[in-house]
Amino acid sequence: DAMVIQNPRYQVTQFGKPVTLSCSQTLNHNVMYWYQQKSSQAPKLLFHYYDKDFNNEADTPDNFQSRRPNTSFCFLDIRSPGLGDAAMYLCATSRISTGYGEQYFGPGTRLTVT
Amino acid sequence: ILNVEQSPQSLHVQEGDSTNFTCSFPSSNFYALHWYRWETAKSPEALFVMTLNGDEKKKGRISATLNTKEGYSYLYIKGSQPEDSATYLCASPTSNTGKLIFGQGTTLQVKP
């Protein structure tokens with residue numbers, strides 16, 4: 001039944017130790033998004049893919065990278081996590097890339113950095 | 001920079017109460033307004049995507065209105081139930097793309 005799946009749901013990593021979060025979808029949507037939500041703040045877009053075209057937000061730190069090997073999967077790599085990267089990471093998809101395209105979210109991965 | 005604001009930040013109501021909360025957004029270069037409901041430990045799910053000034057949408061006991069000229073949307077819940085307890089997020093795109101700018105959300109707690 002699940003349409004956008006994120007693994008793991010909880011991830012603990014050490015300061016500076018690379019970590020990868022994964023997202024998969026069964027919707028066959030062209031567009032995939034990664035959002036970061038820090039405590040009590042609004043979710044913030046990090047980057048998105050339209051098919052294989054990668055679009056990085058201007059203020060996304062270089063520490064954050066993404067890969068989309070195929071339509072179904074998308075990964076978020078944090079090369080050297082800092083304490084400030086502790087957050088909920090949400091993956092979302094949409095069929096179209098226009099402003100009125102409803103987005104379908106996964107349940108998120110909560111990242112803790114020790 | 002597009003700024004989306006929501007109020008109140010949190011709300012506690014009794015079962016059966018009706019409630020409403022606000023999302024405000026810049027009225028210039030408007031493309032769409034999204035409402036999502038995010039229950040604890042679940043995925044945010046879309047409630048409404050609205051594009052037309054004066055639009056009103058309804059899903060069960062939940063409805064939303066949109067005023068693009070003054071830059072606000074209201075979400076109404078009639079006869080709140082404990083299962084309505086969630087964070088309600090609104091978002092608007094910066095351009096006619098899917099790049100949504102979210103508000104901080106309104107967290108609703110409905111007490112039985």
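The shown structure was predicted, so the numbers you read here are calculated from the model rather than taken from an experiment.

Caption draft 1: Summary view of the state of the cysteines. Counted under the stated rule, the structure contains 2 disulfides over all chains. Note that A:C23 is cross-linked by a disulfide to A:C91, the S-S spacing being 1.9 Å. Judged by the sign of its S-S torsion, about -70 degrees, the bond between A:C23 and A:C91 is left-handed. Here the residue A:C23 occupies a position in strand β3 (residues 19-25), and A:C91 occupies one in strand β9 (residues 87-94), the gap between them amounting to 68 residues. The exposure class of A:C91 is buried, given its relative accessible area of 0%. Shown here is the disulfide that connects B:C23 with B:C90, its sulfur atoms set 2.0 Å apart. Torsion about the S-S bond of the B:C23 and B:C90 cystine: about 80 degrees, corresponding to right-handed handedness.

Caption draft 2: Local environment of the nonpolar core. Counting 22 residues, the largest nonpolar core has B:L33, B:W35, B:F48, B:L75 and B:Y88 as the members making the most contacts within it. Here B:F48 is in contact with B:L33, B:H34, B:W35, B:K57, B:K58, B:K59, B:I62, B:S63, B:A64 and B:L75, once residues within four sequence places are set aside. If you look at the next biggest cluster of nonpolar residues, it comprises 18 residues, including A:V4, A:C23, A:W34 and A:I78.

Caption draft 3: Examining the sheet that holds strand β7 (residues 62-67) of chain B more closely. Residues and elements named next belong to chain B. Here 5 strands make up an open sheet; going across it, the order is β1-β3-β8-β7-β6 and the pairing antiparallel. The outermost strands of the open sheet, each flanked by one partner alone, are β1 (5-7) and β6 (56-59). Ignoring strand direction, the axes of neighbouring strands in this sheet form an average angle of 15 degrees. Of the pairings in the sheet, the one linking β6 to β7 comprises 4 bridges and is antiparallel in character. Bridge pairing in β7 links K59 to I62.

Caption draft 4: Just the pairing of strand β11 (residues 109-113) of chain A, in detail. All names here are of chain A. With burial as the criterion, only one face of β11 is covered, namely that bearing T109, L111 and V113; the residues R110 and T112 on the opposite face remain uncovered. When strand β2 (residues 10-13) meets β11, the two strands line up parallel, connected through 4 bridges. Directly across from V12, in β11, lies its bridge partner T112. In this structure, β9 lies alongside β11, joined through 3 bridges in antiparallel fashion. Residue pairing for β11: Y89 is matched across the bridge by T109.

Caption draft 5: Representation of the interface of chain B and chain A. Counting from both sides, the interface comprises 22 residues of chain B and, opposite them, 23 residues of chain A. Summed over both partners, the interface of chain B with chain A comes to about 1,700 Å²; 59% of that surface belongs to carbon and sulfur atoms. Taken as a group, B:W38, B:K99 and B:F102 account for 28% of the area that chain B buries against chain A, more than any other trio of residues on that side. Viewed at the interface, chain A and chain B are joined by 1 salt bridge. With its nearest N and O atoms 3.2 Å apart, the salt bridge here joins B:K99 to A:E57. Put simply, chain B and chain A have 11 residue pairs in polar contact (both at pLDDT 80 or more) between them. Listing elements by their share of the side of chain B that touches chain A, those giving two or more residues are β4 (33-38), β5 (45-50), β9 (86-93) and β10 (100-102) of chain B. Of the residues in the side of chain B that touches chain A, the class split is 11 nonpolar, 9 polar and 2 charged.

Caption draft 6: Region of the structure containing the sheet that holds strand β7 (residues 64-67) of chain A. Residues and elements named next belong to chain A. Read across the open sheet, the 4 strands follow the order β1-β3-β8-β7; overall the sheet is antiparallel. What marks the edges here is a single partner per strand, and that holds for β1 (4-7) and β7. The sheet shows a mean angle of 20 degrees between the axes of neighbouring strands, direction not considered. As judged from the 4 bridges shared by β7 and strand β8 (residues 73-78), these two strands associate in the antiparallel manner. Residue F64 lies in a different strand from β8, and its bridge partner there is I78.

Reading the values: rules and limits
- Residues numbered from 1 in each chain as written.
- Chains lettered and ligands numbered in written order.
- Predicted model: local features only at pLDDT ≥ 70, side-chain atom pairs only at ≥ 80, totals over all residues.
- Heavy atoms only, no water.
- Disulfide = S-S within 2.5 Å.
- Helix = DSSP H or I, 4+ residues; strand = E, 2+ residues; numbered from the N terminus.
- Buried < 20%, exposed > 50% of the residue type's maximum accessible area, 1.4 Å probe, protein only.
- Core = buried A, V, L, I, M, F, W, Y, C linked by side-chain atoms within 4.5 Å.
- Contact = heavy atoms within 4.5 Å.
- Pairing = 2+ DSSP bridges.
- Axes fitted to C-alpha atoms, helices over the stretch in contact; angles between N-to-C directions.
- Buried area = accessible area lost by both parts, 1.4 Å probe.
- Salt bridge = Lys/Arg side-chain N within 4 Å of Asp/Glu carboxyl O.
- Polar contact = N/O pair within 3.5 Å; in protein donor to acceptor, adjacent residues only side chain to side chain.
- Nonpolar A, V, L, I, M, F, W, Y, C, P; charged D, E, K, R; others polar.

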